Structures are given as C-alpha cells and as structure tokens.
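Descriptive analysis of the structure
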Amino acid sequence: EFFSSFLHSTLFYRSNVEMKELLPCLLLISTLTGWSSGQGLWTDLSISGTSRNEIVLGAPGNVLTITGSDFIVGSDDYTCRLRTNLIICPMIPIWPTSICGQAESRSYPATVVSSTQITCPSPDWDLPSMSVLVELAKAGSYISGPFRRIYLRASVSVASPASVSAAGGSVTVFGRGFDPWPEYTKACSACDTPGEYRCFFSDPTGAVTSIPTAGALVTRVLSPTSLVCPAPRWPIPASNATVAIVRIPADGSPAQSLPTNASLAVLPELAAPAPLGPSS
C-alpha cells in the first residue's frame, strides 16, 4: 500500500509522453512487487452523459465506467479512489481521510458489471473542484492501470429559502465544489485557481437578466457545499428567478459559470404600514 501510494503520488503530474516511456518500467515494478494483486487489469475509463473528461458534481447521470479484464463478477470489495494533491490538516473544518501532511483522497464503492467493466457513481464530493487521479482497488490493494485524471466541476443544486422578497434579502446556495480554503488550494496545482464567487439573478421570462448582487460579490463561502448570496432588490413585478454562480479566478483566467438548477420565487414587497393618526 505504501509503495503504490508513493508511486501514484510521484507520477501524478507526469505528461502522457512520460507515461508511455515509463510504462515498461511500471509493468516490471508491478510484476516484482505484486502491485496488481492478480484481481484484474484496467485499461480505460469513460464518463456517461458527456464526451468530456469531467464529472459535474451532483449530476447523477455522470457515472464513471472503467473497462479492463479479469474483474471478479459478484465481488463487492472493488473501490474507485480519487486522489488529489490537496494537503489539509484538522485545522480546517473537515476531518481528513489521509494522514495530516499527505494528499487527500476519497474512495467510493464500485459495481462489477462484468469481467470487463466496473462502474462508480458520481462522487459525493466534499472538497473544492479540482483535477483528480483515478485509481481502482480491490480489498484495499491497487489494480494496475493507466494514469488517468478527470476534472470534478463545481455545480449549484438548490437555493434556500425557496422564496425571497422583492425588497431583497439573503439566499443560501447549495451545491458542490466551492472553495472555502483559498490559502490551501493555491498550493494545490491540480485545484482550481483561487478566486471569488459572484451571484447573479435572472428572470426566466427574459424581462430581467443577470441582476448582480451588491457589488456582485459573494463574500461568504461557508463550505465546499454552500455559500451565501445577498439577494438584490427586484426591479420588476414579482416573478420567479434563476440563481447563477460565476467564479472569477484571481489570476485573470476566464470566468467559469457553474452548472445550476437553482431557482426561487420572488414575493411582492410588503407595503410599509400606514402611519398612525393623532390619538383621539
């Protein structure tokens, strides 16, 4: 386990050319150390619902499919592991699954579809969006395969409360892949570049589009799964609104609009109570 972890971490950022050059050496090492463990060999992966090498976090249709040979049908101890190079410790509000000082990783149960195919569901991801290395294991032992990375894209799922006053207010947006720890992720070369999040509200009828919050800045990222948007005053009669989150990288690279399903109802602004007349 130590050897395979060290090998994967060391080669995480090698180019495809280097991987091809190193493949004979890796196969020899695998044979000498028993790294493969004789429980199959995986050769490729694909993601359903997209032709891109990425998973939209929270999208149930993005299933990871691993193809190979000699998988054991009926076995329930295969796992897909997503390895990062994000190093965190208990000083931030998430308990690491790795030893403090080592790169974080997350493991998910895999399903053996056949002797040549294994599937893993879209990960229940609790870290910021980033590029991760895909690994396959059986009973905790790594299975030989290519060095493949996928991108986990942040997304927005729902806004709460389900309604807001036309006078404005505060809305909590839930999703996955937000970055509340820029001081950590800026040292993680496979993570997104640290940046700020901006909230936009739009009217699905087209009467109003891209209404930003005050300053369009989201100043409170609560966790990788939630952030707070100050809702603006609504300039048209009450209607429904779509909530969009745009991430602005600090290095000036293009802004990233996060996939969203969030919407809310805009309720009429309550009239101010009439002043009381003189007492009789």
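Residues numbered from 1 in each chain as written. Predicted model: local features only at pLDDT ≥ 70, side-chain atom pairs only at ≥ 80, totals over all residues. Heavy atoms only, no water.

What to know about the overall build of the chain
Across its full length, the chain carries three helices and 20 strands. Within the chain, buried positions represent 44% of all 280 residues. Pairs at least 24 residues apart make up 67% of the contacts formed inside the chain by residues separated by at least 6 positions. Of the roughly 14000 Å² of accessible surface on the chain, 59% is carried by carbon and sulfur atoms. (Helix = DSSP H or I, 4+ residues; strand = E, 2+ residues; numbered from the N terminus. Buried < 20%, exposed > 50% of the residue type's maximum accessible area, 1.4 Å probe, protein only. Contact = heavy atoms within 4.5 Å. Areas by Shrake-Rupley, 256 points an atom, 1.4 Å probe, with all protein chains shown as cover.)

A word on the state of the cysteines
What the rule picks out here adds up to three disulfides. Across the disulfide from cysteine 80 sits cysteine 120; the S-S distance is 1.8 Å. Measuring handedness by torsion sign, the sulfur bridge of cysteine 80 and cysteine 120 sits at about 85° and is right-handed. Here cysteine 120 lies in strand β7 (residues 117–120) and cysteine 80 lies in strand β4 (residues 78–83), a separation of 40 residues in the sequence. The buried category is assigned to cysteine 120, whose relative accessible area is 2%. Note on cysteine connectivity: cysteine 199 is disulfide-linked to cysteine 229, with sulfurs 1.5 Å apart. With cysteine 199 in strand β14 (residues 195–202) and cysteine 229 in strand β17 (residues 226–231), this pair connects stretches of sequence that are 30 residues apart. Side by side, cysteine 199 and cysteine 229 carry an identical accessibility label, which is buried. (Disulfide = S-S within 2.5 Å.)

Observations concerning the pairing of β4
Counting buried residues in β4 gives five out of six residues, a clear majority hidden from the surface. Bridge count between β4 and strand β8 (residues 130–138): six bridges; the pairing is antiparallel. In the sheet register, arginine 81 faces β8, and the bridge partner there is glutamate 135. Two elements, β4 and strand β5 (residues 105–109), share five bridges in a ladder whose sense is antiparallel. Bridge pairing links cysteine 80 to tyrosine 108 in β5. (Pairing = 2+ DSSP bridges.)

Looking at the side chain of threonine 119
Looking at the secondary structure, you find threonine 119 in strand β7. If we skip the residues at most four places from it in the chain, threonine 119 touches Val63, Leu64, Thr65, Ala110, Thr111 and Val113.

Quick look at the confidence of the model for the chain
Predicted confidence across the chain gives a mean pLDDT of 78, with 75% of residues reaching 70 or more. Note that residues 1–20 has pLDDT below 50 and, in this model, 36 contacts with residues that lie over four places away or in other chains. Predicted confidence is poor over residues 26–37, with pLDDT under 50, and the contacts of this stretch with residues over four places away or in other chains come to 19 contacts. (pLDDT = per-residue confidence, 0-100.)

Looking at the sheet that holds strand β6 (residues 111–114)
Taken in spatial order, the four strands line up as β1-β3-β7-β6 in an open sheet, and their pairing is antiparallel. Every interior strand has two partners, whereas the edge strands, β1 (41–47) and β6, have only one. Each strand of the sheet is rotated relative to its neighbour by a mean of 25°, with strand direction disregarded. Inspection of the sheet shows β1 paired to strand β3 (residues 64–69) by six bridges, in the antiparallel sense. Note that in β3 the partner of tryptophan 42 across the bridge is glycine 68. (Axes fitted to C-alpha atoms, helices over the stretch in contact; angles between N-to-C directions.)

Looking at the environment of arginine 220
Following the sequence through the fold, arginine 220 ends up in strand β16 (residues 220–223). Linking arginine 220 and proline 180, residues 40 residues apart in sequence, is a C-alpha distance of 8.4 Å. Excluding its chain neighbours within four sequence positions, the residues that come into contact with arginine 220 are Ser170, Leu227 and Val228.

Digging into the nonpolar core
A general trend in soluble globular proteins is that nonpolar side chains are found buried together. The biggest cluster of nonpolar side chains holds 30 residues, and the ones touching the most others in it are Ile66, Trp125 and Ile150. When residues of this core are traced back to their parent elements, those giving at least two are β1, β3, β4, β7, β8 and β10 (148–153). Among the elements that line this core, the one with the most residues is β8, at four residues. Setting aside anything within four residues of it in sequence, one finds tryptophan 125 in contact with Leu57, Leu82, Thr84, Arg106, Tyr108, Met130, Val132, Leu152, Arg176 and Thr225. Ranked by size, the runner-up nonpolar core spans 22 residues in total, among them Cys199, Leu227, Ala231 and Leu258. (Core = buried A, V, L, I, M, F, W, Y, C linked by side-chain atoms within 4.5 Å.)

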